Each structure stands twice: as structure tokens, then as C-alpha cells.
Amino acid sequence: MGEKGESSKSAMLKHAEEEELNTKRLKTVEGEESNMVEETENIKLKTSDEIIFEVEPSIVKEMVTIQTFIEDNNNETSIPIPLPNVTSNTLRRILEFKARGFDEEFVKTLGMDEVFELILAANYLNMKTLLDILTKIIADFIKNKSVEFVRKFFNIVNDFTPEEEAKIREENAWAFEGFECDD
Amino acid sequence: MDNKSRNKVMVLEAEEEVGGGEFEHLPEGCIANIVSFTTPPDACVLSLVSSSFRSASVTDFVWERFLPSDYQAIISQSSKPSTLTNYSSKKDLYLHLCHNPLLIDAGKKVLQIKSFFLSIIIHVYLSLIGKLINHQSFALDKLNGKICYMLSARSLSIVWGDTPRYWRWTSVPAARFSEVAELVSVCWLEIKGGIKSGTLSEKTLYGAYLVFKQRSGGAYGFYNQPVEVSVEGRRRTVYLEEAETPRRPREQIVPGIFSRVRSRFLDSFDAAPPPPPPNAKGGGEYPKERSDGWMEVELGDFFNVGGEKEKEKEVEIGVYEVKSGGWKAGILVQGIEIRPKHKN
């Protein structure tokens, strides 16, 4: 992704494009009648790193942002739709996740960075089911944990003044009683 | 989702960083989504993490998820729905419902009788005997937003409850309901109540508690007297008087009318079973003091599965002391509370 040489880059991209199209076609055909693929026109999505994916309309329907875009543009689907905020890796993961029926266990095999990317992408694409599953998994990690633990987990800097912090703590004092220890 | 350009920058940044640090750039909507899958106390703790976590944690989006899904329908059944229009946020409404049980006119009977005159008579009669408005109170468990109910004494089935020489109905300022049942004197103590599974939260372990206190003159007949209680048919033994309380002199509390007859009975019922050691298992539960000044004793527990099929199923609760034949007097029964049981 960092390569700048134009001709080699475009050659590599073309190769990658072809590979992508093949894998996508394989995935979309999985479990479906082969004539379905020919009748329904797949929608082309172009990720931030210039890879074009062909995605089934039924999957695109879950991406409300894209679906709205298509409808606002008179269902024009011949031109690839740009997704400036989604990398090919992320989109690939999303499609993989979808193909596995949104299996939660699959998410747990991914690293935190990737989960974060998925959340951002799901939020941008407005995929409610995916977003709910991902955020629920994160929520389970931070339930019943201390403020310090959560800050470390998300690598967040405390931007409250001591006075502000004391005030919020006082307002919510009941929530800190009977507190259980971090694992 | 509004910050498209901001997200674009973040994606590029993410590629350069080794790891960590990205989460603080999550849009507030995503943080709120995460918080909404935690619990009410978690949401309060999380509001201390950072300012973005704080704004996400207090949103109506989050607290609407913590409220029961049918909370608006329940509130509309309240006898005073207007007191709830003043809340400024769903979080405020949630906390209000935790601390201020709502009186519900469940079982308010709207009689549709063709004869206007006859309906007036019946309404007056029923209100005189306190049967027109059947109060329960609704509240939320602060730790998890689950539904709690207290069935008022009036909504319970108290054997001999309508006979003034055995039970009388009185108003007590410290009670949430307009009436409590005062035990004048019975030898047959039987109180039954029930609640529909559909009114409670699904997949929750609930406990049922008799909420009562001793009359100011003291109670009689409960010292060392095992009382049988049951929830969903499962029976256990409890006591309605603490083991430590010294026995009160009988002359003070036995109603004058019965004292001569009583004294003969009392001698034969004098031999009480020895009090079990306070911590013995199977020795029965003793009353505990509540934060509202009343006493409570656990009658049992049940797991409310919930769901459409079980909606109308009634959970039956009972209190019985019908075996000893001894006279009992002097307790005020406010009702039966049903609330989630917490571990430890």
C-alpha cells in the first residue's frame, strides 16, 4: 500500500483486482444457485486502496449508507462506488464475516486493531447488525471494570480536571459501591 | 458518520501506528453503542473515562436501552403520570423510577353497567370496601433496570381479611399504599398473592418478600412460631419475629375482650419449640429491616423465564400459619414485594 511506482503499482493492482473478483465471485456463489449470479447484477465497491469488489445486492442492502447512495443516484450501479474510509482488508473481513453468518467467535480471533477498523467501517457503512455484534463484544470486555482499566484498554488519556472528575464521581457515587475487582 | 473527512484521516493514521491509541477516535455514536450493551452502573463508571465517554454515556440512546421495553405503557397505567413528564433525560427518568415506586392502578375495574344508577351504587360500595382500586407499585432495580413490583395488601387474598374482628384496614403514613392490613387477631393466618410472569423482566431470578411490621403495641403469637411460606409450590419455613426479641408480657397485647378466654388457651400453647440457632440452615429465615423502615422476610424465589407463551402464567405466593392453632396478632402487612435477587 505504500508503493508509489505508477506502472508497477497499477500492474499489481490489476492483478489484485482480478484476484479479488475471483474470490468475490466464489464467495457470492457459495450456497446460492448459479443462475442467481448471472441475473442479479453485482454492485462494484472501490475501497480506499483502489481495489474494486463486486458485492451482491443483498449484502449491499445491509450497508445502508451505500444503499441510500445508490437510490439517490437513480440506481446507477455500473460505476464503482468509492469507499474512502474502508480499506480492502477491512471490506474483505466484513464480507468474510457476513459469509460466516456473523459468527461472534470469528471476531474473537481478530486483533483489537482490526476490530476497531471493523467498527469504524460498520459505522460508516451503517451496517447495524454488524455494528451491534462488534460493540457488544467490546462491551463484554469493559463490563464491571474500573475506570483505569478502561482507559488502558482503549489507550485513552484522561482529559478531565481533578475537580471535574470528582464532581462526576460524586454524581454517580452509587455505581462505585460494591465494586468488583478487575480480572 | 458525520465526520467523513475526520475518519479518512484516522484510517491513514491507523496504518502508520503500531497499535493501540485508535479507540479514542471512535465517534460518539459508536461509544454510545458500546456503553448501551453494558449495565447502568457501568455506564456511570464509564462516564469518568474521558469527556467523549461521558457525553456518550449520558445519552438517551444508552438509557433508553436500560429502561424496560414497555416502560411507557407501564407509566401510562400510573395513578399520577404527570409527575413523570418533568424528567430532563432518560437517565433521570431511569433513576427516578429506581427511587420512587410508581403506584399502578392494576385491576382498576371499570364497570360498564347499563343502569347508570346501579353502577353508581356498585362503585360506591366497592370503594367503601376498598376493592375498586387495586394498587401495586412498580419500580426498577438500579443495578440492572429490571422490573420490581410490590403487591399491596389489598391486592392479596387474605383469609378473614374482610372481617373486622380478625383484620382491619388502616392508613399508615409510612406506607406507599393508601391502606395496609392490620392483623387484629387470627388463629388461621393465610395470605396469598400472585403475579403474571409477563409483567416481570425475562430471564431473571426473582425473590418474593413479605413486607410488614409490628404494630406499635407489639405483636403476639409469632415468637418462635414457624410460618410456612411458598413460592411456585416450593415451601420453606420463616419466622415473622426476630429470635432476639424478648417475649412481651401477654397482658399488654392481648385484646381485652379475649383475655379471659385467651388465658386458658395460652397455657396450653405455652410450650414453644426451642428457637433455632440464628445461622442454622433449614432453621428458617428471620425478618430483616428494609431501608423504608419496614421489615421483610423472604418467602422464596423463582426464575422468571418470560416470553410470549409464559406471559399469562401466574406465579403463586403464599404465607400460612394454620397448623398450630395459636392466636396471632399485631402485625401490619403492607404487601408482597417481588424484585430481582442478586448474588451475595
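This is a predicted model, so every value here is computed, not measured. (Residues numbered from 1 in each chain as written. Chains lettered and ligands numbered in written order. Predicted model: local features only at pLDDT ≥ 70, side-chain atom pairs only at ≥ 80, totals over all residues. Heavy atoms only, no water.)

**Q** For this particular structure, what's the right way to read the layout of surface pockets?
**A** Rolled over the atoms, a probe sized like a water molecule indicates the empty space that remains. All names here are of chain B. A volume near 1,600 Å³ is recorded for the largest pocket. Around the largest pocket, the lining comprises 48 residues; the ones closest to its centre are Thr39, Leu143, Asn144, Gly145 and Lys146. Contributions of two or more residues to the lining of the largest pocket are made by helix H3 (40-46), helix H5 (60-66), strand E8 (204-214) and strand E12 (295-304). Looking at the lining of the largest pocket, the element that brings in the most residues is H3, giving 4 residues. Residues of the lining of the largest pocket, tallied by class, amount to 16 nonpolar, 18 polar and 14 charged. There is about 890 Å³ of room inside the second largest pocket. Those elements that place two or more of their residues in the lining of the second largest pocket are helix H7 (90-99), strand E2 (136-140), strand E3 (147-152), E12 and strand E14 (331-340). Sort the elements by how many residues they give to the lining of the second largest pocket and E2 lands first, with 4 residues. Looking at the lining of the second largest pocket, you find at least three residues from each of domain 2 (71-136) and domain 3 (145-340). (1 Å grid on protein atoms, 1.4 Å probe; cavity = no way out; pocket = protein on both sides within 12 Å on 5 of 7 lines; lining within 4 Å. Points joined across faces, edges and corners; volume = space filled by probe spheres on them. Helix = DSSP H or I, 4+ residues; strand = E, 2+ residues; numbered from the N terminus. Nonpolar A, V, L, I, M, F, W, Y, C, P; charged D, E, K, R; others polar. Domains from an automatic or database assignment.)

**Q** Is there a simple way to explain a nonpolar patch on the surface in this structure?
**A** All names here are of chain B. A grouping of Phe116, Phe117, Leu118, Ile120, Ile121 and Val124 is seen on the molecular surface, where their side chains present a nonpolar patch of about 630 Å² in accessible area. By secondary structure assignment, the location of Ile121 is in helix H8 (residues 116-128). According to the relative accessible area criterion, Ile121 is partly exposed, its value standing at 44%. (Patch = residues over 30% accessible without salt bridge, like charges linked within 9 Å, V, L, I, M, F, W, Y side chains within 5 Å. Areas by Shrake-Rupley, 256 points an atom, 1.4 Å probe, with all protein chains shown as cover. Salt bridge = Lys/Arg side-chain N within 4 Å of Asp/Glu carboxyl O. Buried < 20%, exposed > 50% of the residue type's maximum accessible area, 1.4 Å probe, protein only.)

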